[in-house]
Each structure stands twice: as C-alpha cells, then as structure tokens.
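Chain residues, written in single-letter form:
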Amino acid sequence: MPFFRTKEAPRTEVDFTNLPRHVAIIMDGNGRWAKKRGLPRTAGHAAGAENFRTIATYCKEIGLEYLTVYAFSTENWKRPAEEVSAIMGLLKKYLLEAIEKMERDRVKMCFFGDLSQLPEELQLLCERTREISRHYDGVQVNICLNYGGRDEILRAARRFALDCAEGKADPNHLTEAQFSSYLYSAGVPDPDLIIRPSGELRLSNFLPWQSAYAEFYFTDVLWPDFSKEELHRALASYQHRQRRFGGVLNG
Ligand code: FPP
C-alpha cells in the first residue's frame, strides 16, 4: 500500500469550523462491491446511489458549501446497455425523490455535462430540479452527467471562439477567470478536495481544469461502503495538508 494512504488513514478528527468549501467525489467501485457479494453490477449502482443520498445529506448537515459527484462520464456509454439504463433509472428515481423533498432540504442542484445526449425524460427532470432549486441556499450538489473534462474544455473553447468571432470577447485579453466562466462549473469555486474511493489512483477525465490546485484523497474502500467516518478521514487528512498554491508558507 502506498505510504501516503497508510499515513493518512487513521486520522478522523475533523474541525467542522474549518471545512473545505468544495469537495468532489469520484463514486467508484460499485461494480466490485456487487461482485464481492455475488450480485449483478446494477445492484452495486443501486447501493452507490443510496450512499450518495447518505453522504450528500450529511454534507448538507455539516455545512459544506459545494459537493460535486461523478455519476456518469462521456466514456460510460461504452458499458452494456442494461447497465447504462439501470444508472439512468437510478438517476431518475433520485431526482424524483429530490423534487419531492426540495422545499424541506433546500439543496441547490446543478448538472455538469452534455445533458442533450441523455434520455429526454431525464433531461426534463434535470432542468426541473435545477429550476426549482435555483435560489436555495443549502449545499450545492453538482452532478456530473455525461461529463468529460476534456469535452468540457473543448466546449468552452468553442463557445469562447464564437464570442470572439461575434466581437463579444477578445482572445488577447483572455484570463483564467474568464475562461472558467465558459465551463460547466462557471461560478463554482474550484474543488479543494477530490476523493476517489476503490483504490484507483487516477482522475479519469474528472474536472481536469478545476483540479489544478486540489488536494487528493484516495482510499481502497469501495464507494457503497464509503461511510460518514470515511468522509471524516478524508476531511481530517485534508485539514492536515499545507496548501501553498505554488507559493511559500508564511512564517
Ligand atoms: C463507478 O463504479 C460508478 C459509476 C460509473 C456510476 C455511478 C452511479 C451511481 C452511484 C448511481 C446514480 C447516481 C446518483 C447521483 C443517484 P464502477 O461501476 O466503475 O465500479 P467498478 O470499477 O468496481 O466496476
């Protein structure tokens, strides 16, 4: 096991007055979780969706400002049709439930990704959820759906080029902040902490622009087993890091 994982895992004390503003999670390991139990992969996704509910609710309780999750990537269409349709079904179920509880929960829901390729019913549900929750002030949950980081950057570059062609933008004065405003994540601060469960040590096209200065937390725990205590470990680990953003520490 790599050194940084064994070193960080035992810490669980979290300073809830000093949380990261934005946590992003790659919800990985659903398939392996199901396989270990002799269940179909779809059962793993169902358990993963349930865990997403638990963790998102908890993030709201502790006062986190932004939670972004990778639910379906531009590459996930390569999976068997029945698996894709099971994931779409779980998303639909989640959004319908979210709409019902919205007034009470006041969670702001946003979506990052090219929604136009999703089943129409799901697109409409995303739109409705986003619209209803637009002014809510609880945690903002960003669900990445048909999301690919490179695709997001290309799309932003295309939109920026069109604005330049129409005289609305000037390529010579393009700043990082201005380019960020063309991304799906426009207006959302960059993630402070990116968590990837399931033992994989890669980003898999998740928020490549936004993760430039993010801290990473990896664990072998599979996503459906990623409990509040696991989240505490990740947060505690984050709170022991020294973020320098390319500079030097003061004092
Ligand atoms: C990665 O695990 C997980 C996915 C590609 C799908 C994630 C979807 C959900 C958690 C359900 C719907 C989401 C919401 C927000 C309600 P994997 O299948 O790659 O696992 P493996 O690597 O073990 O095979």
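Here the structure is a predicted model, which means the values were calculated and not measured. (Residues numbered from 1 in each chain as written. Predicted model: local features only at pLDDT ≥ 70, side-chain atom pairs only at ≥ 80, totals over all residues. Heavy atoms only, no water.)

1. A word on the overall build of the chain
- Within the chain one finds eight helices and six strands.
- Mapped in sequence order, the helices and strands of the chain form the string α-β-α-α-β-α-β-α-β-α-α-β-β-α.
- Over its C-alpha atoms the chain spans a radius of gyration of 19 Å, differing by no more than 12% from the 18 Å that the globule rule assigns to 251 residues.
- Viewed in the frame of its principal axes, the chain has a C-alpha envelope of about 55 × 55 × 35 Å.
- Considering only contacts within the chain whose residues lie at least 6 apart along the sequence, 77% involve residues at least 24 apart.
- Here the chain has roughly 13,100 Å² of accessible surface; of this, 51% comes from carbon and sulfur atoms.
- With 34 positive and 34 negative side-chain charges, the chain shows a separation of 3 Å between the mean positions of the two kinds. (Helix = DSSP H or I, 4+ residues; strand = E, 2+ residues; numbered from the N terminus. Rg over C-alpha atoms; globule rule 2.2 N^0.38 Å. Contact = heavy atoms within 4.5 Å. Areas by Shrake-Rupley, 256 points an atom, 1.4 Å probe, with all protein chains shown as cover. Lys, Arg positive; Asp, Glu negative; His and termini not counted. Charge placed at Lys NZ, Arg CZ, Asp CG, Glu CD.)

2. Section: the side chain of asparagine 76
- Along the chain, asparagine 76 turns up in the loop between β2 (66–73) and α4 (81–105).
- When sequence neighbours within four positions are dropped, the list of residues in contact with asparagine 76 reads Ala71 and Val84.

3. Re the packing of aromatic side chains
- Per the stated rule, a full pass over the model turns up 11 aromatic pairs.
- With centroids separated by 5.7 Å and ring planes inclined at 50°, the aromatic side chains of tyrosine 213 and phenylalanine 245 adopt a geometry described as tilted. With tyrosine 213 in the loop between β5 (193–196) and β6 (215–218) and phenylalanine 245 in the segment after α8 (228–239), this pair connects stretches of sequence that are 32 residues apart.
- Overall, tyrosine 213 belongs to the partly exposed group, its relative accessible area being 48%.
- On the numbers, 5.6 Å between centres and 25° between planes, the contact of tryptophan 223 with phenylalanine 226 is stacked. You'll find tryptophan 223 and phenylalanine 226 in the same group, each marked buried. (Phe/Tyr/Trp six-rings, centres within 6.5 Å; stacked < 30°, edge-to-face > 60°. Buried < 20%, exposed > 50% of the residue type's maximum accessible area, 1.4 Å probe, protein only.)

4. Focus on helix α5 (residues 120–133)
- If you check α5, its first and last C-alpha atoms are 20 Å apart, about what 14 residues at 1.5 Å a residue would give, namely 20 Å.
- Along α5, the positions that sit buried rather than exposed are Leu122, Leu125, Cys126, Thr129 and Ser133. Burial along α5 is one-sided: seen end-on, the buried residues are contained in an arc of 100°. Those residues of α5 that are exposed and angled more than 90 degrees off the buried face are Glu120 and Leu124.
- Where the residues of α5 are buried, they touch α4, β3 (108–112) and β4 (140–147). (Expected span 1.5 Å × (residues − 1). Arc of directions from axis to C-beta.)

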